[in-house]
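This is what each chain is made of:
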Amino acid sequence: MTSTALKAEQTGAKLIDGKAVALKMREAQRARVEALQATGVTPGLAVVLVGDDAASSIYVSRKVKACEAVGIKSISHRHPSSITNEELLVLIGKLNADPNVHGILVQLPLPAHIDMAKVLETIAPEKDVDGFHLYNVGALVVGRQIFPPCTPYGVMHLLEYSDIPIEGRNVVVIGASNIVGKPMALMLMARDATVAICHAKTRDLGQWTILADILVVAAGVPNLIVPQMVKTGAVVIDVGINRLPDGKIVGDVDFEGVRKKASYITPVPGGVGPMTIAMLLENTIQSAERKAGLREPAHD
Ligand code: NAD
């Protein structure tokens, strides 16, 4: 047994406190925004919300509040779900052309009548702070990070912050969505991890998870990961956010059980969630820095 594994058995896993890391990043981000303002540029983030989905509304409010905390000017565009595809595309076009807007975020999910793929493709790649435009997805595939999608980018920061080695490690990512699982796997591969991706059709999930030195879980299924599926000393990152019938928010991992076996673990809430917002601020500030010539341009 390695010394890390031994420590975990004796004392339980170390908590990776995403809230604290995000707050620490915020101090540095505020200073960078002030430096930008000194050159006459205030970073601007346009947030587009369509419909009245309660969870989306909460997420948008949190993002707007976080922007304010570091000095980013956020401009909310709230529209009823009756907005047409065409009207939404016209709005995106205007935001693309607005020099005060450095980032455009369209809160997902969109109502069924809206062509989400078309909307995402219409966002100018150099303002695509969520990293969902095909150009940015392609950049990630070939190992160029322009706007890495915020949630997996946040996970990478947590691993780095905790000095967790990635190169050569066995990593299992559970969940293969375009916004979390797939980009997560690509980012870890770019850091020379050996990566397996599991999903809802994977047979015998436990035979994969038990191999993981680093296990990233993003399925949206409470208690999907129980202690017997986790290698002693593994690093467990829980991306899941699930609301139980009693209103409690939990991740995908049996936290109390798995923390006794893991070496590091993220709590829910307070783990990956705050980092997603921190990385949105990061991408928006980077976009403004590129525009102000304080950073290399994103496009050749
Ligand atoms: P999604 O529904 O688009 O994808 C879920 C993925 O998990 C799919 O690939 C599916 O095949 C897989 N999956 C579902 N059930 C499974 C099972 N029983 N075994 C193995 N794989 C299974 O969801 P998403 O948008 O990728 O989000 C995943 C989770 O992460 C959700 O709980 C979501 O709320 C959460 N999330 C959190 C943040 C954050 O900031 N912390 C950000 C985005 C998403």
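Everything discussed here concerns the structure shown above.
Quick caveat: nothing in here was measured; it's all calculated off a predicted structure.

A.B. asks: Give me the lowdown on the overall build of the protein, citing residues and values where you can.
C.D. replies: Check the secondary structure of the protein and you find 11 helices and 11 strands. Looking at the protein as a whole, 48% of its 300 residues qualify as buried. Of the roughly 14200 Å² of accessible surface on the protein, 55% is carried by carbon and sulfur atoms.

A.B. asks: Provide a residue-level description of the site of the ligand, including the pertinent values.
C.D. replies: Contacts to the ligand come from 22 residues, most closely from Ala176, Ser177, Ala200, Ile241 and Thr276. One nitrogen or oxygen atom from the side chain of Ser177 is found 2.5 Å from an oxygen atom belonging to the ligand. Contacts to the ligand include Ala200, whose backbone N or O atom sits 2.9 Å from an oxygen atom. Within the shell around the ligand, the residues separate by chemical class into 13 nonpolar, nine polar and no charged.

A.B. asks: Please provide a residue-by-residue account of the environment of Pro165, values included.
C.D. replies: Inspection of the secondary structure assignment puts Pro165 in the loop between helix H7 (150-161) and strand S5 (170-174). Its relative accessible area of 42% is what places Pro165 among the partly exposed residues. Residues Pro165 and Asp213, 48 residues apart in the sequence, show an inter-C-alpha distance of 9.8 Å.

A.B. asks: Outline the sheet that holds S5, listing residues and values.
C.D. replies: Within a sheet, neighbouring strands are paired by backbone hydrogen bonds and run either parallel or antiparallel to one another. Spatially, the six strands line up as an open sheet ordered S1-S11-S8-S7-S5-S6, and their pairing is parallel. The open sheet is flanked by strand S1 (14-15) and strand S6 (194-198), the only strands paired with a single partner. Pairing analysis gives two bridges linking strand S8 (residues 235-238) to strand S11 (residues 264-265), with the strands arranged parallel. By the bridge assignment for S11, Val235 is matched with Tyr264.

A.B. asks: Which residues make up the sheet that holds strand S2 (residues 44-50), and what values do they have?
C.D. replies: Pairing is parallel in the open sheet, where three strands are placed in the order S3-S2-S4. Among the strands making up the open sheet, the edge pair consists of strand S3 (73-79) and strand S4 (103-106). Sheet twist, expressed as the mean angle between neighbouring strand axes with direction ignored, is 15°. Where S2 and S4 come together, four bridges link them in parallel fashion. Across the sheet, the residue bridging to Ala46 is Ile104, located in S4.

A.B. asks: With reference to specific residues and values, describe the packing of H7 against helix H8 (residues 181-190).
C.D. replies: Helix-helix packing: each pair is described by the crossing angle between the helix axes and the interaxial distance. At a minimum axis separation of 9 Å, H7 and H8 run at an interaxial angle of 40°. Relative to H8, H7 is oriented oblique. In the crossing of H7 with H8, the sense of the turn from one axis to the other is right-handed. On H8, the residues touching Pro152, Tyr153, Val155, Met156 and Leu159 of H7 are Pro183, Met184, Met187 and Leu188. Broken down by class, the residue content of the contact of H7 with H8 amounts to nine nonpolar, no polar and no charged.

Procedures and definitions
Residues numbered from 1 in each chain as written. Predicted model: local features only at pLDDT ≥ 70, side-chain atom pairs only at ≥ 80, totals over all residues. Heavy atoms only, no water. Helix = DSSP H or I, 4+ residues; strand = E, 2+ residues; numbered from the N terminus. Buried < 20%, exposed > 50% of the residue type's maximum accessible area, 1.4 Å probe, protein only. Areas by Shrake-Rupley, 256 points an atom, 1.4 Å probe, with all protein chains shown as cover. Near = heavy atom within 4 Å. Polar contact = N/O pair within 3.5 Å; in protein donor to acceptor, adjacent residues only side chain to side chain. Nonpolar A, V, L, I, M, F, W, Y, C, P; charged D, E, K, R; others polar. Pairing = 2+ DSSP bridges. Axes fitted to C-alpha atoms, helices over the stretch in contact; angles between N-to-C directions. Parallel < 35°, antiparallel > 145°, perpendicular 65-115°, else oblique. Left-handed = near helix turned anticlockwise from the far one by under 90°. Contact = heavy atoms within 4.5 Å.

By themselves, these observations are geometric and do not establish any function.
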